Every structure is written in C-alpha cells, then in structure tokens.
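Examining the three-dimensional arrangement
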There are 2 protein chains.
Amino acid sequence: MATLQDLLTDDAKTSRSSVIREILALVDADDVLSLAGGMPDPATFPIDDLTTAATNAIGTPSGEALQYGRTEGMTILRQVLSAGAAERRSRSCALDDVLVTTGSQQALDLIARAFVDPGDEVAIDDPGYLGAVQAIGSRKPRWLPIPVDPDGIDTDALESALRAGRQPKLVYTVTDFQNPTGAVLHPDRRRHLADLADRWGFVIVEDDPYGGIRFGEPEHPPVATWTDRALSLGTVSKTIAPGLRVGWVVAPPEIVTVLARLKQASDLHTSTLNQRIVADLLSRPGWMDRRRATLSSFYETRARTLREALARSVPTMSVSDPRGGLFLWGELPGADTRALLDRAADAGVAFVPGAAFSPTDRASSTLRLTYATLDPAELEEAARRLGSVV
Amino acid sequence: MATLQDLLTDDAKTSRSSVIREILALVDADDVLSLAGGMPDPATFPIDDLTTAATNAIGTPSGEALQYGRTEGMTILRQVLSAGAAERRSRSCALDDVLVTTGSQQALDLIARAFVDPGDEVAIDDPGYLGAVQAIGSRKPRWLPIPVDPDGIDTDALESALRAGRQPKLVYTVTDFQNPTGAVLHPDRRRHLADLADRWGFVIVEDDPYGGIRFGEPEHPPVATWTDRALSLGTVSKTIAPGLRVGWVVAPPEIVTVLARLKQASDLHTSTLNQRIVADLLSRPGWMDRRRATLSSFYETRARTLREALARSVPTMSVSDPRGGLFLWGELPGADTRALLDRAADAGVAFVPGAAFSPTDRASSTLRLTYATLDPAELEEAARRLGSVV
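Everything quoted here is computed from the prediction, not taken from an experiment.

1. Side note on the overall build of chain A
When helices and strands are tallied, chain A shows 13 helices and 14 strands. Taken against the 2.2 N^0.38 rule, which gives 21 Å for 390 residues, the C-alpha radius of gyration of chain A at 21 Å falls within 12% of a compact globule. The principal-axis extents of the C-alpha atoms in chain A amount to approximately 60 × 60 × 55 Å. Sorting the 390 residues of chain A into buried and exposed places 64% on the buried side. Pairs at least 24 apart in sequence give 74% of the contacts found in chain A among residues at least 6 apart. Put simply, chain A shows about 13,800 Å² of open surface, and 49% of that area lies on carbon and sulfur atoms. Averaging the coordinates of the 41 positive side-chain charges in chain A and doing the same for the 52 negative ones gives two points 2 Å apart.

Right, dumping it as structure tokens:
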C-alpha cells in the first residue's frame, strides 16, 4: 500500500527548503550573534501608528477590513499604490495595473506560475535573491545567471547572451540595494534593460523591497519608466513591517487579470485588515517620506558601525560600501565561506555564505552580512568573533 | 515579437475565473438583494475583541507579531490549534502536525500542488465547493465526482467506483453543513470513508469551514479520528472574520514538512499579526464556545426566516432543512436555474445556480441560497422577488 509520502508528486518529493532557512535553524541559539537573516529591527516598527490604523480598520462601519474582498486588492490600497507608481514612472498608472499580493514573495510565485514552463529560460541576478530562485525554481526553468556588479545586473552580459542565442522569457533583478550585494542598478543599465526587453521580447521582473532605505543615494526611475514589458514588485516588509504580508505587482492590466485568476485559487485575496492598515498609513500626508528618512538614518548608522568594525577585526575581508538597504557584501579571497560558517557558528556568529545566492549553487569566497538585526555593540562583538575564526 | 500575453504558459492562458466570481460581478448592483455570496454578516464581527487582540499583538514587546515568522506558523497559534484537534479527534496531536495557512484556500492550493499531477484522479463532492474545484482543477486532474445527499458524500458510491477500478489519489469533501447543499457527513460514513482510505490507499481532504455554526446538530468526530490518511482543514473565516485570512491544515508531520516547503516559496508565511490575533482570541477561556453559540443562534433565525419566506413565496421550490452553516439548497423541478438567474437579476435578486458547483459543469435545476448576508426583512423581500420570476 502506498504511504501518504509515496502519493506526493515527484516535484513535491524533490522540493527543497531554502538554504538560508537551514542556516537560520542551524544558528538559532541564544548565544549566536546573527548577521545572517534580513529581519528588520523591531525597534523600528511604527507601533503607535499601526495601532491606530488597526483600530480604525477593525472599526470601519462597512466591516470591509474584516470581510472577504476582491482578489485584485482593496480599491483604497490600489489607488494609493497606483498613484505612487505613476509618480515614480512619470506616466499614468491605473487601478487595474495593480495587484495586491500576500507579500512580494507571492507576486514572484504567481509570475513564475503564469510565465514559466519547465525548461523555459529565466535570467537572474548572480548572486541573487534566494526567494526568487526558490519560487521560480519550483517551475524547473533553465537558469541563465547574469553577473551582478556594484551597478547591478550586467546588461552587457545579458545582451551578449541574447546575441549568442539564449532566449530568456523572464529577466529577474532587484534594482535598489540588491540582495545580497547591495548593488544599485545604474540608470544607463535600466534604460538598456528596457531596450533589450523591447528588442528581444522578454518580460522584466524588477523587484524593489529595499528602496525605502537609502544612504544619500538618489532615486532612479524604475525600469518600467521605459518599457511596457516590466512587472514591478513592491512590499511594505522593510518600510512598515514584514508581518503584515502586504506586497504588490504593477503590470499591464491584461497580465494583472491572469495573475489575479491564479491568486484567486491560491488564497482568494490578501488580508483585508492588513490591506486597510497599509492604505491608511500610506495615505497619511508625508507619512512614508518621514518613515523612510527615519529608517535610512537608523540603518546608515548600523551599516557604518558594522563596516568599521569589520575593517578593524577582519582586515583581510573586502567589504562593499553600502548605499542603502540592509546588507553588506564581503569577500575573503581564497576562503570557502560555507566551511567557514561552521567554525563561525561555534564562535557565536553567523552569516550567509555567498554560495547560497548562486542559482547554480557554486562555491564561493563571498558572504552576506546584515546590520539590520543587531544593535551597534552587538555588531562590534559579532565582527570580533568573525575576526577570531578568519 | 511575442507580446507579454503570448509569453504566458498555456495553463495560465486557459485558467478560468470562478463562476461565482462572475455571478457576483453580474449582480453587484445596489438594487439587487443577493442570496448568492457566502459572506458573513459584518454585524457578527467581534469588533471589540478584535481591537484589543490587535492592540495586544502590535504591542508585543518582542515585536514578533510584526516580524517575519516561521513558515509553519507561530508556536502560540499552532499550540492552540493542535490542542483543539487533539480534543476533536480524541487522540494526540502535536505542534508539528499543524501548518498555518493563508486561509484554508491556501491549504487546498498547497495540497493540490503536493499531490496532484495532471491526469491524476481526484474524487470530490458533487455538487461541491467551487474553490476546491478551482485550486485542484489548476493541476488538471481527472475528476471523479461522487454524489452528495443530506448525509454527505456517498461513500457507497465511492466504494463502487474504487471496486470498478477508479484510483483517486485524493478524496475531497466538506464534512459539516457542506457547501453548497448543507449536508452533514453521517458518522457511519465518516468511519466508512476512513476505512476505504486505509484499504485503497488514498488521501482524504476533510474541509470544515462551517462547523462552528450549528442549529442543534451534535458534533461528530472528524474522519481523522479513524485514519492517519486524512488531512483536516480549518479556518476562522466563518467564526471570527474572513478578512484575517487565517486557516490551517492538520496532517502527519512528514506531510506538513512538504506543504511548508511549498508554502515558503508561495508567501513565506501567513501574516504574523493575524496569527497572533487569532491565537489571542482562541486562547481566551470559553471565548470560541460563546462565539459559536452567538453565531449559531444568529444564523438559525436567518435560516428559518428565509426558509419560511421561500415556502410562502416560491411554493414550487423544494428547500433543504438546514442543520447549520450558511446555505439553503433548493430545487425547482424542470427549471434551468442558470437561465433563471438572468431573469432573477432583472427582478433584483441573485442566487448561485447549482450547475456552478458541478465539477463537470452540467446543467441543473438546483440552486444555492445564502441567508448570511441579508437581514430578515431583506430575506423576505428577496424571496418575494424570486417568487415573481419562478
């Protein structure tokens, strides 16, 4: 007789948990200082504003923040999101261009299900965001890893691959303070990427979870400014709170329609309570601007603290100069950072080895370090512990 | 050049929106009294308790109700859910047997992805819950529709199909106050279904969203009481509020592990804010028992009102005698209720034609009517309008 496990599909049997998740489990001990996760500091959560927004939402006379809602999202939230997208893209953006999702992770899942059949080519940042590798990877694509440098995904390398006959259906990149390297996609490359999409006929997925945390870096227009072939992902996970699980995708309306059909079968709709809370906060004049300023200042101090501590304690490591976001990207020439992690965990400090961010899983001398979670004194101690094992 | 739509997968191109969704859009006018949806009356939402629970959750010193969380769900919620499942099943249930999902719709989506490959056979209530048809249907199964009578899914018919060589991997049924017929699965059939699963080696998916609303009907043990091959779905959508999108599945831990891997790529985790709110309310001594009593009394009055009004205004319609839940099931011998709906909408009343609930989409003289959304005076007027077009 077949067991329940025998009845699983082959895909389900061979599905993998995220490497980071395994690392987080490994180092989930009270005496480990973790530079591994990407969790915002709870001290930054806007408790009072969230409390009033939640109270308002729950008390809405129509009850709409507690009721079933439209799969595409609540109108009040789609309005403020489409207005924001219109401003950033310097062109019109309608309500029907916006789909609210259960975190931007769900947008990735829906896009993967909508566009990727097994064997389809998908170009992606290398190193790149693991959640995208996981969501798109579940569709069994052929990966086309494109190198990332401090100016973001290398669009010349992408163009060469296209000219050499590669045919990606999707190109996925994080545009601002990329996870894991902190790269910012250069304005020239944004235009180049848009041109390539229009010329070669692929879909761009531009993901921007970190854009609200900027250390003096000016804002650059999204890739969608120059093409109709870009799907733009957003989230409040870094700017308000990840626990709300509110994200969105801005896309041509005929694509929003398809993604909404897939979303309907996936979870009917995103929590109306949380949508209403987010709509309330985003609608308050100047609220998000003040919030972004506060967060940017908070994390810039942390970033400098960790960078300077690493320069003192781990002098052999080259470290990126962060322009925003939550991560430093380091390199220890000649080291295997995956092997190093075990020794580091024993010494009471954790990070994510660079190999974890490679779609092709290759070994690496790089590592990702977050300054988001620990306070300055802990960051200095974490750097000391790391120095002791390098 | 391929358009974005050209790049969609064939499955995405041919995906369908729910028939009910189309009906709801059709009748979404102020002058239509809708017996079509299944939305709880906002008057029943526990506003004060939700407000205190949300305030407590947001203010949790650790910030855990606003932070990223474990994919499987928050420990405090899994604890109360596993304790509840243990009591209902009269046997032990561990934390690792519970996966929190973004509404029970997500549990259906994850189970479909975990177990169903195109062409696999899936047995399902006929008529049955549309959301299950949609979520499982996206995996392109071969449907094995099993008739439902007032005692629930006909397990003798299922056994005959098994003996005739049909090989369903999954059997999906709503056990209590089934959507759309209001049927309650008879205790003998629960045991029979468990026996069949153990004998023939399939997976049971028992869904119970309406069990909290009972008009004197005693509680029956879930199918999982008698077999390890049942996955039990639950939700607070009908007992607290649908807008929270908090559901769960109780399953053997090795299956929870696989579903959690799929969930991780889908939306990382369910809103920690909403999980914490639900855990708070479910942990209050006697809270859910009082809530169920209040809701049961509220909806029983509504059910009687609609049933009596229909007996007066639409005497040719036979109507189910509801024992709980949110729906009446009617039959108009000789009528095509899909054609009737257009005339009804013109007369200012809406319902869902029975054909919408058939996995094989066959025409029908049946219809589903909800008493959940309208107040008693509106229910009487809706019955009069329906009578005028029959």
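Picking up where we left off.
2. Looking at the pattern of salt bridges
Residue and element names in this part refer to chain A. Taken as a whole, this structure holds 50 salt bridges over all chains when the rule is applied. The partner of Arg 163 in a salt bridge is Glu 159, and the shortest N-O contact between them spans 2.6 Å. Linking Arg 163 with Glu 159, this pair stays in helix 7 (residues 155-163), spanning 4 residues, or about one helical turn. The class for Arg 163 is exposed, based on a relative accessible area of 57%.

3. Description of the interface of chain B and chain A
Of the residues lining the interface, 84 residues belong to chain B; the matching set on chain A comes to 84 residues. Together chain B and chain A conceal approximately 6,500 Å² of surface at their shared face, both sides included; 60% is due to carbon and sulfur atoms. When residues of chain B are sorted by the area they lose upon contact with chain A, B:Leu4, B:Leu66 and B:Tyr68 head the list and together hold 11% of the total. At the boundary of chain B with chain A, the tally comes to 2 salt bridges. Here A:Asp109 ties to B:Arg113 by a salt bridge, and the two come within 3.0 Å at their closest N and O atoms. The interface formed by chain B and chain A holds 32 residue pairs in polar contact (both at pLDDT 80 or more) in total. Mapped by element, the contributors of at least two residues to the side of chain B that touches chain A are helix 1 (10-14), helix 3 (47-59), helix 5 (103-115), helix 6 (130-137), helix 8 (187-200), helix 9 (253-267) and helix 10 (272-283) of chain B.

4. Some points on the pairing of strand 7 (residues 203-207) of chain A
All names here are of chain A. Summarising burial for strand 7: 5 of the 5 residues are buried, a large majority. Where burial is concerned, the two faces of strand 7 agree: the one with Val 203, Val 205 and Asp 207 and the one with Ile 204 and Glu 206 are both buried. Inspection of the sheet shows strand 6 (residues 170-174) paired to strand 7 by 5 bridges, in the parallel sense. Residue pairing in the sheet places Leu 170 in a bridge with Val 203 of strand 7. Handedness of the β-α-β unit built from strand 6, helix 8 (residues 187-200) and strand 7 comes out right-handed. As paired strands, strand 7 and strand 8 (residues 230-235) are joined by 4 bridges and run parallel to one another. The residue bridging Val 205 from the neighbouring strand is Leu 231, located in strand 8.

5. Quick look at the environment of B:Gln134
Residue and element names in this part refer to chain B. In this fold, Gln 134 is placed in helix 6. Taking the relative accessible area as the measure of exposure, Gln 134 reaches 16% and is therefore buried. For the pair Gln 134 and Glu 378, spaced 244 residues apart in the sequence, the C-alpha separation amounts to 31 Å.

6. Quick look at the pairing of strand 4 (residues 142-149) of chain A
All names here are of chain A. Where strand 3 (residues 121-126) meets strand 4, 6 bridges bridge the pair, whose relative direction is parallel. Of the residues in strand 4, the one forming a bridge with Ala 123 is Leu 144. Note: strand 4 against strand 5 (residues 152-153), 2 bridges, orientation antiparallel. Residue pairing across strands places Val 148 opposite Ile 153, the latter belonging to strand 5.

7. Considerations on the relation of the copies chain B and chain A
Of the two same-sequence chains, chain B is brought onto chain A (RMSD 0.0 Å, axial shift 0.0 Å) by a rotation of 180 degrees. Here the symmetry operator amounts to a two-fold rotation axis. Nearest to the rotation axis, the C-alpha of B:Ala54 is located 3.4 Å from it, this being the minimum over chain B. When you check the interface residues of chain B against chain A, 100% turn up at the interface there too, and the contact is symmetric in its surfaces.

8. Remarks on helix 11 (residues 287-313) of chain A
Residue and element names in this part refer to chain A. Helix length check: helix 11, at 27 residues, gives a terminal C-alpha distance of 39 Å against a target of 39 Å (1.5 Å per residue), a fit within 8%. Regarding helix 11, the residues found buried are Trp 287, Met 288, Arg 291, Leu 295, Ser 296, Tyr 299, Arg 302, Ala 303, Thr 305, Leu 306, Ala 309 and Leu 310. Of the surrounding secondary structure, the elements contacted by the buried residues of helix 11 are helix 3 (47-59), helix 10 (272-283), strand 10 (318-319), strand 11 (327-331), strand 14 (366-370) and helix 13 (376-389).

9. Describing the packing of aromatic side chains
Taken as a whole and judged by the stated rule, the model has 8 aromatic pairs over all chains. Residues A:Trp329 and A:Phe357 carry aromatic rings whose centres are separated by 6.1 Å and whose planes lie at 75 degrees to one another, so their mutual orientation is edge-to-face. Here A:Trp329 is found in strand 11, whereas its partner A:Phe357 is found in the loop between strand 13 (352-353) and strand 14, with 28 residues between them in sequence. On the numbers, 5.6 Å between centres and 80 degrees between planes, the contact of B:Tyr210 with B:Phe327 is edge-to-face. Of the two residues, B:Tyr210 is situated in the loop between strand 7 (203-207) and strand 8 (230-235) and B:Phe327 in strand 11 (residues 327-331); the sequence distance between them amounts to 117 residues. Both residues of the pair, B:Tyr210 and B:Phe327, belong to the buried class.

10. Quick notes on the packing of helix 4 (residues 75-89) of chain B against helix 10 of chain B
Residue and element names in this part refer to chain B. It is at 9 Å that the axes of helix 4 and helix 10 come closest, and there the two elements cross at 40 degrees. The angle between helix 4 and helix 10 places the two elements in the oblique class. The way helix 4 lies across helix 10 gives a crossing that is left-handed. In this structure, helix 4 contributes Ile 76, Leu 77, Val 80 and Leu 81 to the contact, and helix 10 contributes Gln 275, Arg 276, Val 278, Ala 279, Leu 282 and Ser 283. Here the contact of helix 4 with helix 10 is built from residues that sort into 7 nonpolar, 2 polar and 1 charged.

11. Looking at the sheet that holds strand 13 of chain A
Picture the strands of a sheet paired through backbone hydrogen bonds; they go either parallel or antiparallel. Residue and element names in this part refer to chain A. One open sheet holds the 4 strands; their spatial order is 10-11-14-13, and the pairing between them is antiparallel. With one partner strand each, in any of the chains shown, strand 10 and strand 13 form the two edges of the open sheet. Summarising the sheet, strand 10 and strand 11 pair through 2 bridges and their orientation is antiparallel. Bridge pairing in strand 11 places Val 319 opposite Gly 330.

12. So, the confidence of the model for chain A
Mean pLDDT over chain A stands at 94; residues scoring 70 or higher make up 96%. At the level of chain-chain contacts, confidence expressed as ipTM amounts to 0.96, with global pTM at 0.96.

13. A word on the packing of helix 5 of chain B against helix 9 of chain B
All names here are of chain B. Contact geometry of helix 5 with helix 9 gives a least axis separation of 10 Å together with a crossing angle of 110 degrees. By the angle class used here, helix 5 and helix 9 are roughly perpendicular. Crossing geometry of helix 5 relative to helix 9 is assigned as right-handed. Of the residues in helix 9, those in contact with Gln 106, Leu 110, Ile 111, Arg 113, Ala 114 and Phe 115 of helix 5 are Ile 255, Val 258, Leu 259, Leu 262, Lys 263, Ser 266 and Asp 267. Its residues placed into classes, the contact of helix 5 with helix 9 shows 8 nonpolar, 2 polar and 3 charged.

The rules behind each value
- The residue numbers shown here count from 1 along each chain, following its written sequence.
- Following the order in which they are written, the chains are lettered starting with A and the ligands numbered starting with 1.
- For a predicted model such as this one, the threshold for reporting local features is a pLDDT of at least 70, and the threshold for listing and counting side-chain atom pairs is 80 or more; totals across whole chains, interfaces and linings nevertheless cover every residue.
- In computing side-chain properties, one takes all heavy atoms of the structure into account and sets aside hydrogens as well as water.
- Put simply, DSSP marks the helices as runs of H or I at least four residues long and the strands as runs of E at least two long, and each gets a number from the N terminus on.
- Two things to know: the radius of gyration comes from C-alpha atoms, and the globule rule equals 2.2 Å times the number of residues to the power 0.38.
- Burial classification: accessible surface area is computed with a 1.4 Å probe over protein chains only, and a residue below 20% of its type maximum counts as buried, one above 50% as exposed, and the rest as partly exposed.
- Throughout, a contact is declared for two residues whenever any of their heavy atoms are within 4.5 Å.
- Method for areas: the Shrake-Rupley scheme with a 1.4 Å probe, in which residue coverage is limited to the protein chains shown.
- Here Asp and Glu are counted as negative and Lys and Arg as positive; His is not counted, and neither are the chain ends.
- A charge is said to be at NZ when it belongs to Lys, at CZ for Arg, at CG for Asp and at CD for Glu.
- Here, a salt bridge means any side-chain nitrogen of Lys or Arg that lies within 4 Å of a carboxyl oxygen of Asp or Glu.
- Take the accessible area each of two parts loses on contact, using a 1.4 Å probe, and add the two losses: that sum is the buried area.
- For this analysis, a polar contact is any N or O atom pair within 3.5 Å, provided that within protein one partner can donate a hydrogen and the other can accept it, and provided that sequence-adjacent residues contribute only side-chain to side-chain pairs.
- Only when DSSP finds a minimum of two bridges between them are two strands counted as paired.
- Consider the strands pointing away from the viewer: the crossover is right-handed when the path from the first strand over the helix to the second runs clockwise.
- Superposing copies: least-squares fit, C-alpha atoms only, residues required to have pLDDT of at least 70 in both.
- Given the number of residues in a helix, its expected span is that number minus one, multiplied by 1.5 Å.
- Between 30 and 60 degrees the pair is tilted, below 30 it is stacked and above 60 it is edge-to-face, where a pair is any two Phe, Tyr or Trp rings, Trp via its six-membered ring, whose centres lie within 6.5 Å.
- Only the contacting stretch of a helix is used when fitting its axis, a line to C-alpha atoms as for every element, and angles between N-to-C directions run 0 to 180 degrees.
- Put simply, angles under 35 degrees are roughly parallel, angles over 145 are roughly antiparallel, angles from 65 to 115 are roughly perpendicular, and the rest are oblique.
- Put simply, a crossing is left-handed when the front helix is turned counterclockwise from the back one by less than a right angle, and right-handed when it is turned clockwise.
- Here the term charged refers only to Asp, Glu, Lys and Arg, the term nonpolar to Ala, Val, Leu, Ile, Met, Phe, Trp, Tyr, Cys and Pro, and the term polar to all other amino acids, Gly among them.
- Think of pLDDT as the predictor's per-residue confidence, scored from 0 to 100.

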